[in-house]
Structure formats: structure tokens, C-alpha cells
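An overview of the molecular structure
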Amino acid sequence: MKKQILILFIYLVSGLTSRGQGLETDISVHDPVMIKEGNRYYLFCTGRGIAVWSSADMKNWRREKQVFEEAPPWAVAAVPGFKNHIWAPDISYWNGQYYLYYSISAFGKNTSAIGLAVNKTLNPESSDYKWTDKGKIIQSYPGITNWNAIDPNLITDKKNNPYLSFGSFWDGLKLVKLSNDRLQVLGDTIHLQTIASRKTNPNQQANPPAVDNNPPDAGGNAIEAPFIFKKNSYYYLFASIDYCCKGANSTYKMIVGRSRDVTGPYLDKEGRDMKTAGGTLLMAGNDEWHGVGHNAVCHFDGADYLIYHGYDAKDNGRPKLQIKMLQWDKRGWPQVQAN
């Protein structure tokens with residue numbers, strides 16, 4: 001469901017096709033994720049063909065060329081009317097290539113799918129720079145799957161087995177194991193494990209009803225954007241709850257839980273399972289930022305960073321890039337470092 005209410009706005013601010021000539025410090029992005037190659041940071045986010053930015057210092061950003069000039073043919077076939085506006089990418093590096101998972105969806109429905117593109121480098125000036133689409137990884141279907149195949153995030157376990165978490169509304173956040181080459185899901189692709197939900201009863205079949213003017217098919221289980229980060233002996237599951245994409249009326253918040261195993265259960269500070277509405281609040285909006293969420297967590301040069309978007313109260317609720325350092329308390333729980 002996410003990004004749908006603000007879809008046209010994000011399309012305009014994040015979907016320019018040409019590489020920018022100047023540097024910007026106050027960039028408008030949605031659903032950012034970041035990685036570093038060499039001495040540059042690369043930011044991928046929702047936008048036409050997947051929006052890309054790069055920076056030498058995480059402060060001054062240059063717009064790069066989008067990943068896809070035209071919509072992947074498989075995506076057009078999977079989602080009728082798809083116009084190359086791609087949501088919530090996830091970037092990782094393995095075995096000499098960058099893996100960029102991305103999501104496509106119809107408005108307000110779980111007619112959705114997650115795809116994958118790979119590249120040897122993120123530097124557009126390199127002779128090796130070329131995105132190769134690997135096609136669909138997993139798809140959700142109205143009336144068949146009570147989950148939504150968007151917002152992917154890759155994580156590996158202690159034995160380097162790859163897993164993909166994803167999900168938005170419907171029954172909650174899901175986790176699947178991938179093949180060793182990371183190109184396909186192993187096992188059942190319909191009945192999936194839930195790792196986080198706002199439902200208090202895991203056996204509850206019906207999704208809670210949608211609220212306000214939100215798409216009715218999505219229901220009111222307002223949780224999405226999983227991101228799993230390995231720190232010491234724990235896997236930390238970050239997620240966004242409540243509502244994005246409403247500008248000044250956004251209520252987005254970030255929650256977190258942790259587990260010794262990548263498959264869960266993910267428990268919060270009080271021992272509540274995120275599968276049954278647990279989750280410790282990490283950050284919420286305030287008078288300056290109306291809603292904060294869809295975060296990634298990255299480790300660069302000995303420090304951990306929280307990367308997310310917030311809706312700027314001083315700029316008509318426009319979504320903008322936010323980067324904060326993460327600290328960890330004595331019990332190993334993340335805390336956002338104040339400016």
C-alpha cells in the first residue's frame with residue numbers, strides 16, 4: 001500500500017531521467033537505502049526506473065541516471081498498467097556483483113512483485129557499469145496471497161544462507177529463504193512465514209479494516225518496510241508502522257525487535273513478539289518532521305547509520321533524506337544519536 005497516496009508527487013521529485021550536474025544537500029527521496037563503493041556513497045530510492053543519487057560525504061548529493069530507462073517487460077506483464085515507477089529498492093554486494101531487489105505494484109492492491117537487477121559496479125563512469133535484470137523473484141496475488149510482495153530486504157544468516165524479508169499491510173511482514181545464487185525462492189511461494197504484524201492474534205484470519213481514506217483492500221495492519229541488520233550476536237528487525245505518504249498528515253514511526261536467529265522470533269525490549277504486535281519504538285515524527293520511516297541501517301567506516309525519509313513540516317510535508325548515527329545501549333538496543 002505504501003507510496004500510493006503520494007505516488008504522483010514522488011514520481012516527479014525522484015524520477016528525473018538525466019544525470020544531475022550540480023550537488024544538492026536537501027534532497028527529496030522516498031524509501032532510501034545506501035551502500036558504499038570506493039570513496040562514494042550510492043543511494044537508491046523509489047522513483048521512475050529507480051532513482052539513484054551519489055555522494056562523497058553523505059551530505060552533498062548528485063543525481064545519477066535511473067536504473068531502468070524502460071519498464072522491465074516481465075513487470076508490465078505482471079502488473080497491468082505498470083508505468084516504470086518502482087518502489088523501495090534494496091542494495092547489497094555479493095560474489096563480485098551488486099544485487100538490487102526492487103518492487104512493483106498496482107495502486108492499493110497486492111498485485112505486486114519483487115524483481116532483481118545486478119551490476120558489477122555502481123560507478124556510471126566505469127566501462128563495467130551495466131544493470132542486468134534477472135526478472136521476478138516472487139509475486140503476490142489478490143485473493144490468493146494474504147501478503148504483499150513489496151519492500152524487499154536481503155539478509156544472510158550465520159552460514160551465509162540468503163533470506164529475503166518483505167511486506168506491507170495485509171497479514172504483515174514475511175521471510176523466505178533464497179537459493180544460494182539469490183535468484184529464486186526456495187520452497188513454498190504462497191504460504192509464507194510471518195515475522196512481524198500489528199495483529200495481536202496470529203490465528204486471526206481477517207485483516208483489520210482500513211481506516212480513513214486508505215485503500216480498503218490493504219486493510220489496517222499498518223506495518224511495512226522490514227530491514228534486518230546483524231549486530232554482534234543478534235539480528236535486529238526494523239519496521240515502519242502507521243501511515244506514510246500523507247505529507248503533513250503522515251504518522252510513520254520506526255520500531256525494532258531482535259532475535260538470535262534470522263528466522264525469529266523477533267522480540268522487543270519487553271519480550272513481546274513482533275509477530276503479535278510487539279516492537280520497541282525507535283523513532284516517531286514530531287513538529288519538525290511529520291512521520292519518519294522506511295529505514296535502512298548501514299555500517300560505514302566503523303559507525304552504524306540509520307537512513308530513512310521524513311516529511312518536512314517546513315516544506316509542505318515533502319519527503320526528505322535523513323541520516324542519523326546509531327548508538328547501542330548496554331543491553332545492545334539501538335538508539336538514535338541526537339544531532
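One can find the structure itself at the top, above this paragraph.
Computed from a predicted structure; not experimentally measured.

Calculation notes
- Residues numbered from 1 in each chain as written.
- Predicted model: local features only at pLDDT ≥ 70, side-chain atom pairs only at ≥ 80, totals over all residues.
- Heavy atoms only, no water.
- Helix = DSSP H or I, 4+ residues; strand = E, 2+ residues; numbered from the N terminus.
- Rg over C-alpha atoms; globule rule 2.2 N^0.38 Å.
- Buried < 20%, exposed > 50% of the residue type's maximum accessible area, 1.4 Å probe, protein only.
- Polar contact = N/O pair within 3.5 Å; in protein donor to acceptor, adjacent residues only side chain to side chain.
- Pairing = 2+ DSSP bridges.
- Axes fitted to C-alpha atoms, helices over the stretch in contact; angles between N-to-C directions.
- Disulfide = S-S within 2.5 Å.

1. Here's the deal with the overall build of the protein chain
- The helix and strand inventory of the protein chain stands at two helices and 21 strands.
- Since a compact globule built from 339 residues should have a radius of gyration of about 20 Å, the 18 Å found for the protein chain is in line with a globular shape.
- With the principal axes as the frame, the protein chain shows a C-alpha extent of 50 × 45 × 45 Å.
- The buried share of the protein chain, reckoned over its 339 residues, is 58%.

2. Quick look at the side chain of S168
- With respect to the helices and strands, S168 occurs in the loop between β11 (162-166) and β12 (173-177).
- On the basis of relative accessibility, which here comes to 0%, the residue S168 falls in the buried class.
- Within the structure, the side chain of S168 is placed 2.7 Å from the side chain of E224, a separation counted as a polar contact.

3. Looking at the sheet that holds strand β16 (residues 253-259)
- Sheet architecture is open: four strands sit in the order β14-β15-β16-β17, paired in antiparallel fashion. Both edges of this open sheet fall to β14 (223-231) and β17 (280-284), since each of them pairs with a single strand only. Strand-to-strand twist across the sheet, computed as the mean angle between neighbouring axes with direction ignored, equals 25°.
- Both β16 and β17 contribute to a ladder of four bridges, which runs antiparallel. Opposite I255, over in β17, you have L281 as the bridge partner.

4. Description of the state of the cysteines
- In this structure the tally under the stated criterion is one disulfide.
- Across the disulfide, C244 is cross-linked to C245 (sulfur-sulfur distance 2.2 Å). Where C244 bonds to C245 through sulfur, the torsion about that S-S bond is close to -60°, and the disulfide is left-handed. Residues C244 and C245 agree in their burial class; the two are buried.
- Just so you know, C45 is unpaired, no disulfide at all, and the nearest cysteine sulfur is the one on C298, 13 Å from it.
- Residue class for C45 comes out buried when judged on its relative accessible area of 0%.

5. Considering unusual backbone geometry
- Between G264 and the following residue, P265, the backbone shows a cis peptide bond with an omega angle of 5°.
- Mapped onto the elements, P265 comes out in the loop between β16 and β17.
- Positive phi is not limited to glycine here, since D212 has a value of about 50°.
- Here D212 is to be found in the loop between β13 (193-196) and β14.
- Its relative accessible area of 73% is what places D212 among the exposed residues.
- Backbone geometry places N316, a non-glycine residue, at a positive phi of 55°.
- Looking at the element boundaries, N316 is found in the loop between β19 (303-312) and β20 (318-328).
- You can call N316 exposed: its relative accessible area is 74%.

6. Observations concerning the sheet that holds strand β8 (residues 112-119)
- The five strands lie next to each other as β3-β6-β7-β8-β9, forming an open sheet whose pairing is antiparallel. Bordering the open sheet on either side are β3 (47-48) and β9 (132-140), each of which pairs with just one other strand.
- With seven bridges joining them, β8 and β9 adopt antiparallel strand pairing. Residue A117 lies in a different strand from β9, and its bridge partner there is D133.

7. Topic: the pairing of strand β2 (residues 40-45)
- For β2, the buried fraction is high: six of the six residues fall into the buried class.
- Side chains R40, Y42 and F44 project from β2 onto one buried face, and the interleaved Y41, L43 and C45 project onto a second face that is buried too.
- Taken together, the five bridges between strand β1 (residues 33-37) and β2 define a ladder with antiparallel strand orientation. Opposite K36, over in β2, you have Y41 as the bridge partner.
- The antiparallel hairpin formed by β1 and β2 contains two residues in its connecting segment, where G38 sits at a positive phi of about 65°.
- In this sheet, strand β4 (residues 51-55) lies alongside β2 in antiparallel orientation, the contact comprising five bridges. Within β4, the position partnered with L43 by the bridge is W53.

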